[in-house]
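Working through the structure, step by step
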Amino acid sequence: MDLRQLRYFIALNEHRSFVRAADAMGITQPAFSRSIQGLEQELGCRLVDRGSKDLRPTPEGQVVLQHALSLVQGATNLSHAIARLNKLDSGEVRFGCGPAPAQKLVSDAVAHFVRCYPGIHIQFGVDNWERLARNLSREEIEFFVADIRHFEADPNFQTRPLKPRNGLFFCRAGHPLLAKDSLSTNDMFAYPLAATLIPPSARKMLANLSGKIDVTANVQCEDMASLVRIVSQTDAIGIAVEEALNEPMARGELVRLHFRNLPHNVDILQARCGIVTRTGDRLSAAARAMIELLLKLDSETNGAVA
């Protein structure tokens, strides 16, 4: 028994005629009939009621048909899966990214990828590292690009570091804090905080600075463009990577805040980005190509990027 015979039997069931089925499969009718007879001999039963006008399958034939459909579809899926692993002229790549790398690196990489491989479908979403990890564990994505501090010591994940993304505290132009000559972090905690999901280590640092047990953002959003708009219209203090703020700061809409008791580039102000995959996973050719492109573009930047 082979898949060719099963495909012929499926065709016979669809066309209910040896002549029409043979023609559909592109072989002669005698050769087609011999293949069906060979399958019947191998299985030791009649698969088709030749006495019926429309060549209905026998009870045994119904069982064989059910399994034949499953086997043929499985073989097709296997072929597609192998092609997906090794070809870049079709298929898809699904991945996720955190807010920091989404600002420039990922969007630039996707643009390059589309130019190089226009036949590949790309699906990526921006989210925080917690939800991205869940999506990866459920195999909904092949990899993600985000802060890797939570995954470096986890044997279930493999990480490839990228250059860190520098962040900063910022507020709208005309904010009350800007009237002060010198600012401390105590001044910041008098206002709402707007940020993406804050890593535990950074939350601990904020808590220590504020004298509280824990600190969370009053407004949490993984879309930095939305955070920028919110901060520009309120007295909230924002935390974001420089890449999201260059243009509104250049226009004078936003102002960078400096706190005298907070060193530059402390833990809370850096996104330690990297590429995260599941240990032992075989990535598709499209995913491998996207990762190599991300690494290449990242290597072409100088230092911790803005």
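Labelled according to an unreviewed UniProt entry, the protein chain appears under the name LysR family transcriptional regulator, originating from Pseudomonas triclosanedens.

Over its 15 residues, helix α3 (residues 29–43) extends 21 Å from the first C-alpha to the last, a length consistent with the 21 Å expected when each residue adds 1.5 Å. When α3 is considered as a whole, its buried residues turn out to be Phe32, Ser33, Ser35, Ile36, Leu39 and Glu40. Buried residues of α3, viewed axially, fall in a sector of 160 degrees; they line one side. Those residues of α3 that are exposed and aimed more than 90 degrees away from the buried face are Arg34 and Gln41. Buried positions along α3 lie against α1 (3–15) and α2 (18–25).

Next up on the list: the pattern of salt bridges. By the definition in use, this model includes 20 salt bridges. Residues Arg56 and Asp54 are paired through a salt bridge, measuring 3.0 Å at the closest nitrogen-oxygen approach. Residue classification places Arg56 among the partly exposed positions, given a relative accessible area of 46%. The partner of Glu292 in a salt bridge is Arg160, with the nearest N and O atoms 3.4 Å apart. Of this pair, Glu292 sits in helix α12 (residues 285–299) while Arg160 sits in strand β4 (residues 157–161), and the two are 132 residues apart along the sequence. The structure contains a network of salt bridges with shared partners spanning Arg16, Asp54 and Arg56.

The full count for this structure, using the stated rule, is eight aromatic pairs. Ring centres of Phe95 and Phe143 lie 4.9 Å apart, and the angle between their planes is 5 degrees; this geometry places the pair in the stacked category. Of this pair, Phe95 sits in strand β1 (residues 92–97) while Phe143 is found in strand β3 (residues 143–147), placing the two residues 48 residues apart along the sequence. With respect to burial, Phe95 and Phe143 carry one shared label: buried. Measuring from ring centre to ring centre gives 4.8 Å for Phe113 and Tyr117, while their planes differ by 55 degrees; the resulting arrangement is tilted. Its relative accessible area of 27% is what places Tyr117 among the partly exposed residues. Aromatic ring contacts, followed pair by pair, group Tyr8, Phe18 and Phe32 into a single cluster.

Let us look at the sheet that holds β3. One open sheet holds the five strands; their spatial order is β2-β1-β3-β11-β4, and the pairing between them is mixed. Of all the strands in the sheet, just β2 (121–126) and β4 have a single pairing partner and so form its edges. Here the strands of the sheet are splayed against their neighbours by 25 degrees on average, with no regard to which way each runs. Alignment of β4 against strand β11 (residues 273–278), held across five bridges, turns out to be antiparallel.

In contact at an axis separation of 9 Å, α2 and α3 are set at 100 degrees when each is read in the N-to-C sense. When the axis of α2 is compared with that of α3, the two are roughly perpendicular. On the side of α2, the interface is formed by Phe18, Val19, Ala21, Ala22 and Met25, while α3 contributes Gln29, Phe32, Ser33 and Ile36. Its residues assigned to classes, the contact of α2 with α3 shows seven nonpolar, two polar and no charged.

Counting residues in each nonpolar core, the largest one holds 40 residues, and the members touching the most others are Val93, Phe143, Val145, Phe170, Ile275, Met290 and Leu294. With nine residues, α12 is the largest single contributor of residues to this core. Sequence-distant contacts of Leu294, that is, excluding residues within four places in its chain, are made with Leu105, Val106, Ala109, Phe143, Val145, Leu162 and Ile275. Tyr8, Phe9, Val48 and Ala68 belong to the second largest nonpolar core, which has 19 residues in total.

It is worth spelling out unusual backbone geometry at this point. Despite not being glycine, Arg16 shows a phi value in the positive range, around 50 degrees. Residue class for Arg16 comes out partly exposed when judged on its relative accessible area of 24%. A positive phi angle, close to 65 degrees, is found at Glu139, a residue other than glycine. Tracing the sequence through the fold places Glu139 in the loop between α7 (129–137) and β3.

A few words now on the side chain of Ser17. By the secondary structure assignment, Ser17 is in the loop between α1 and α2. A polar contact is formed between the side chain of Ser17 and the backbone nitrogen of Val19, at a distance of 3.3 Å. Within the local environment of Ser17, its side chain forms a polar contact with the backbone nitrogen of Arg20, the two atoms lying 3.2 Å apart. Setting aside residues no more than four positions away along its own chain, Ser17 makes contact with Leu12 and Leu55.

Reading the values: the criteria
- Throughout this description, residue numbers start from 1 for each chain and increase along the sequence as written.
- Only residues with pLDDT of at least 70 are given local features in this predicted model, and only at 80 or more are side-chain atom pairs given and counted; all residues enter the totals for whole chains, interfaces and linings.
- The basis for every side-chain value is the complete set of non-hydrogen atoms in the structure, without hydrogens or water.
- Numbering of helices and strands starts at the N terminus; helices are DSSP runs of H or I of at least 4 residues and strands are runs of E of at least 2.
- One less than the residue count of a helix, multiplied by 1.5 Å, gives the span that helix is expected to have.
- Note on exposure labels: buried denotes an accessible area under 20% of the residue type's maximum, exposed denotes more than 50%, and partly exposed covers the range between, all computed with a 1.4 Å probe on protein chains only.
- Summarising the geometry, the arc corresponds to the directions from the helix axis toward the C-beta atoms.
- Only heavy atoms enter the contact rule, under which two residues are in contact if any of them lie within 4.5 Å.
- Between Lys or Arg on one side and Asp or Glu on the other, a salt bridge is scored when a side-chain nitrogen of the former is within 4 Å of a carboxyl oxygen of the latter.
- Pairing of aromatic side chains here covers Phe, Tyr and the six-membered ring of Trp, requires ring centres within 6.5 Å, and sorts the geometry by plane angle: under 30 degrees stacked, over 60 edge-to-face, intermediate tilted.
- In this description, strands pair whenever DSSP reports at least two bridges between them.
- Only C-alpha atoms enter the line fits that serve as axes; for helices the fit covers just the stretch in contact. Angles between N-to-C directions range over 0 to 180 degrees.
- Under this scheme an angle from 65 to 115 degrees is roughly perpendicular, one under 35 degrees roughly parallel, and one over 145 degrees roughly antiparallel; angles in between are oblique.
- Here the term charged refers only to Asp, Glu, Lys and Arg, the term nonpolar to Ala, Val, Leu, Ile, Met, Phe, Trp, Tyr, Cys and Pro, and the term polar to all other amino acids, Gly among them.
- Take the buried residues of types Ala, Val, Leu, Ile, Met, Phe, Trp, Tyr and Cys, join any two whose side-chain atoms come within 4.5 Å, and each joined set is a nonpolar core.
- A 3.5 Å cut-off defines polar contacts: any pair of N or O atoms within that distance qualifies, except that in protein one atom must be a possible hydrogen donor and the other a possible acceptor, and neighbouring residues in sequence count only when both atoms are side-chain atoms.

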